[in-house]
Amino acid sequence: MVREDNDFLRDLEAVYRLSFHRYLRVAEGICGDLDLARDAVQDAFARAIRFRASFRGDGPLEGWLWKIVVNSARGVPRANETPGEQAGVALSVDGRCDGPVGELVARLPERQRLVLFLFYYADMEYAAIADTLEIAPGTVGATLSAARAALKSQLEEVRHG
Amino acid sequence: MDDSPSVRELVERAVPLRSGEAPGWPDVLRRATVEPSRRSRGRLPRRRRLVFVIGGIALLAAAVPAAVAVHATIVDFFASENAPESVVRSFASMEKGAPVMRPGVIAGETRKILEVPAPGRRATVLYVAPTVSGGFCWTIADPDSGLSSGGCGRRTGGKMHAGIPFAQDLRDGRVYGVYAAVAGRVRDHAITRIELRHSDGHAVDVPVAWVSEPIGVGFFVHPIPPQRWVTGKPVEVVGFASDGRVIRRERLELEIAPP
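Residues numbered from 1 in each chain as written. Chains lettered and ligands numbered in written order. Predicted model: local features only at pLDDT ≥ 70, side-chain atom pairs only at ≥ 80, totals over all residues. Heavy atoms only, no water.

Peer 1: Would you mind showing me how to read the overall build of chain B here?
Peer 2: For chain B, the count of helices and strands is five helices and 14 strands. Each of the 259 residues in chain B was classed as buried or not, and the buried ones make up 44%. Of the contacts made within chain B by residues no fewer than 6 positions apart, 56% connect residues no fewer than 24 positions apart. (Helix = DSSP H or I, 4+ residues; strand = E, 2+ residues; numbered from the N terminus. Buried < 20%, exposed > 50% of the residue type's maximum accessible area, 1.4 Å probe, protein only. Contact = heavy atoms within 4.5 Å.)

Shown next as structure tokens:
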């Protein structure tokens, strides 16, 4: 048991060191603040240690950790948005975003943002996202489509507005 | 699939992928041993934190029965003095054994918990460190002889556990020094007083130091004075409730010869 425990902790530490910044990116997207995100990721791994007995080993360790990281980050209130940051997105002449592009994403409903982050930042498949967010796989696809449509619409508004 | 480059690019640029070394793993281990509700998440203003701390201490003081207040002290683990480097190294060496023997001690978090004065000697010191599995390791150090003795335990288990940890300075088949103490842990808060009864009828009260999270147990240490050091004669450790009931009684025998 002690040997298994030590092996598990070593695996956990390896994932932490290798993938910290991927977890951090998703957590930052959720929290809206780098320091809070860092805190949330460290807390998530601490929770993983405390509740390691709940890891059944029937799926990848990383997947189990994603769920804990997302829940940890969702438990952190989003950082305050200042009026200036909410003002919109500045576009350069070629249409690329130069301003606070995160604000466009930040305006999306929470589920849409979560799905976007897990799809683009964590490179997760629909089934894994569904498992992490505890929603139906079909909902993941629909939510992703809705998020993309909303973002495209906002981009068009900024370009022509 | 509607995944135009502009949307992907927008999402990719919304939150940058950071680089550099991940923050320290030891900090994660430390967090793992502390209940989240007991740790500041860094959002409370300093003054509010202070009010919470003072309020917490007041509540704790109010919750401690009078008998505990007399016979026990409450030690805030993370506010306690860090152990010296030599002691930290000694705790860290526990992790160098065979994997099954490693207790998972977080040596960097070793704290000085208790100093027990003894007549004509420097005070005996109790050091404690948490383990990753929620337990703890401890060492009793005698600065006069340079000897120490310790072990590891869990916060769950019997109401009280007592023993006689000892250490010998053994070189070339000869004993140059010896140290022993009656020591133990209390897990049941109903035990408000510990009494040590020597074989000659002499009895002493031994204070209990209750150590806060992540340790969560009470410790007691009583260095055995030379005049009471009688090999083969039992000593009795008795744990009393506040109303005088005996909750736990243990008989111990000192097998090692006096110095």
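Peer 1: Looking at this model, I keep getting lost on the sheet that holds strand β10 (residues 203–206) of chain B. Mind explaining?
Peer 2: Adjacent strands of a sheet pair through backbone hydrogen bonds, lying either parallel or antiparallel. All names here are of chain B. Across the sheet, which stays open at both edges, the four strands sit in the order β10-β9-β13-β14 with antiparallel pairing between neighbours. Of all strands in the sheet, those bounded by a partner on one side alone are β10 and β14 (246–253). Taken over all neighbouring pairs, the strand axes of this sheet differ in orientation by 20 degrees on average, direction set aside. Of the pairings in the sheet, the one linking strand β9 (residues 193–197) to β10 comprises four bridges and is antiparallel in character. (Pairing = 2+ DSSP bridges. Axes fitted to C-alpha atoms, helices over the stretch in contact; angles between N-to-C directions.)

Peer 1: In this structure, what is going on with helix α7 (residues 126–133) of chain A? I would like to understand it.
Peer 2: Helical geometry note: an α-helix holds 3.6 residues per turn, so side chains three or four residues apart project in the same direction. All names here are of chain A. Among the residues of α7, I129, A130, T132 and L133 are the ones counted as buried. One side of α7 holds all its buried residues, which, seen down the axis, span an arc of 165 degrees. Just beyond α7, the residue with positive phi is E134, at close to 55 degrees. (Arc of directions from axis to C-beta.)

Peer 1: Hey, could you run me through the nonpolar core in this one?
Peer 2: Membership of the largest hydrophobic core comes to 64 residues, with the highest contact counts inside it found for A:L12, A:V26, A:F45, A:L65, A:L116, A:L118 and A:L151. With sequence-adjacent residues up to four places away left out, A:L151 is seen in contact with A:L104, A:V105, A:L108, A:L116, B:V7, B:L10 and B:V11. Counting 23 residues, the second largest nonpolar core, distinct from the first, contains B:I164, B:V182, B:L196 and B:V204. (Core = buried A, V, L, I, M, F, W, Y, C linked by side-chain atoms within 4.5 Å.)

Peer 1: So what exactly am I meant to see when it comes to the state of the cysteines here?
Peer 2: By definition, a disulfide is the covalent link that joins the sulfur atoms of two cysteine residues. All names here are of chain B. In total, this model carries one disulfide over all chains according to the counting rule given. Disulfide pairing is shown between C137 and C152; the S-S distance is 2.0 Å. Its S-S torsion of approximately 100 degrees makes the covalent link between C137 and C152 right-handed. Note that C137 is positioned in strand β4 (residues 136–142) and C152 in strand β5 (residues 147–153), a separation of 15 residues in sequence. Relative accessible area serves as the criterion here: at 0%, C137 is assigned to the buried category. Owing to a relative accessible area of 38%, C152 belongs among the partly exposed residues under this scheme. (Disulfide = S-S within 2.5 Å.)

Peer 1: Mind showing me how you'd approach unusual backbone geometry here?
Peer 2: B:P214 follows B:E213 through a cis peptide bond whose omega is 10 degrees. Following the sequence through the fold, B:P214 ends up in the loop between β11 (208–211) and β12 (218–223). Backbone geometry at A:D123 places phi at a positive 55 degrees, although glycine is not the residue there. Under the relative-accessibility criterion, A:D123 is labelled exposed at 60%. Phi is positive for A:E134, which is not a glycine, with a value near 55 degrees. One can find A:E134 in the loop between α7 and α8 (137–160).

Peer 1: Would you take a moment to explain the confidence of the model for chain A for this structure?
Peer 2: When pLDDT drops low, the exact placement of atoms in the prediction is not to be read closely. For chain A, per-residue confidence averages 77 on the pLDDT scale, and residues scoring 70 or more make up 77% of the total. Low pLDDT, under 50, characterises residues 80–100 of chain A; the stretch is placed with 31 contacts to residues that sit more than four places away or in other chains. (pLDDT = per-residue confidence, 0-100.)

Peer 1: Help me understand the pairing of strand β13 (residues 234–240) of chain B, please; the structure alone is not making it clear to me.
Peer 2: A regular strand places its side chains so that they alternate between the two faces of the sheet. Residues and elements named next belong to chain B. For β13, the tally of buried residues reaches six of seven residues, placing the bulk of the element in the interior. As paired elements, β9 and β13 share five bridges and run antiparallel to each other. Bridge assignment links R193 to a residue of β13, and that residue is F240. By the bridge criterion, seven bridges tie β13 to β14 in an arrangement that is antiparallel. Opposite P234, over in β14, you have E253 as the bridge partner. What sits between β13 and β14 in their antiparallel hairpin is a turn of five residues, with G244 showing a positive phi close to 95 degrees.

Peer 1: Explain the packing of helix α3 (residues 61–74) of chain A against α7(A) here, please?
Peer 2: The relative placement of two packed helices is expressed as an angle between their axes plus a distance between the axes. Residues and elements named next belong to chain A. Two elements in contact, α3 and α7, have axes separated by 9 Å at closest approach and are oriented at 50 degrees. Considered as vectors, α3 and α7 are oriented oblique to each other. Our pair here, α3 against α7, has a crossing hand that is right-handed. Two secondary-structure elements touch here, α3 through G63, W66, K67, V70 and R74 and α7 through D131, T132 and L133. (Parallel < 35°, antiparallel > 145°, perpendicular 65-115°, else oblique. Left-handed = near helix turned anticlockwise from the far one by under 90°.)

Peer 1: How should the environment of B:P130 be read in this particular structure?
Peer 2: All names here are of chain B. Topologically, P130 is positioned in strand β3 (residues 121–130). Its relative accessible area of 1% is what places P130 among the buried residues. Separated by 85 residues in sequence, P130 and I215 have C-alpha atoms that sit 6.3 Å apart.

Peer 1: When you look at the side chain of B:R187 in this model, what are you seeing that I'm missing?
Peer 2: Residues and elements named next belong to chain B. Relative to the helices and strands, R187 resides in the loop between β8 (174–186) and β9. Within the local environment of R187, its side chain forms a polar contact with the backbone oxygen of G158, the two atoms lying 3.2 Å apart. Beyond its immediate stretch of four places on either side in the chain, R187 contacts R154, R155, T156, G157, G158, K159, H161, W210 and V217. (Polar contact = N/O pair within 3.5 Å; in protein donor to acceptor, adjacent residues only side chain to side chain.)

Peer 1: Explanation requested: the sheet that holds strand β2 (residues 111–118) of chain B in the structure shown.
Peer 2: All names here are of chain B. Read from one edge of the open sheet, four strands run β2-β3-β4-β5, paired in antiparallel fashion. The open sheet has two edge strands, β2 and β5, and neither has a second partner. Averaged over all neighbouring strand pairs, the angle between strand axes comes to 15 degrees, with direction disregarded. Looking at chain direction, β3 and β4 are connected through six bridges and run antiparallel. Of the residues in β4, the one forming a bridge with Y127 is T139. Packing of helix α5 (residues 85–92) onto the sheet brings it into contact with β3 and β4, and relative to β3 it is tilted by some 50 degrees.

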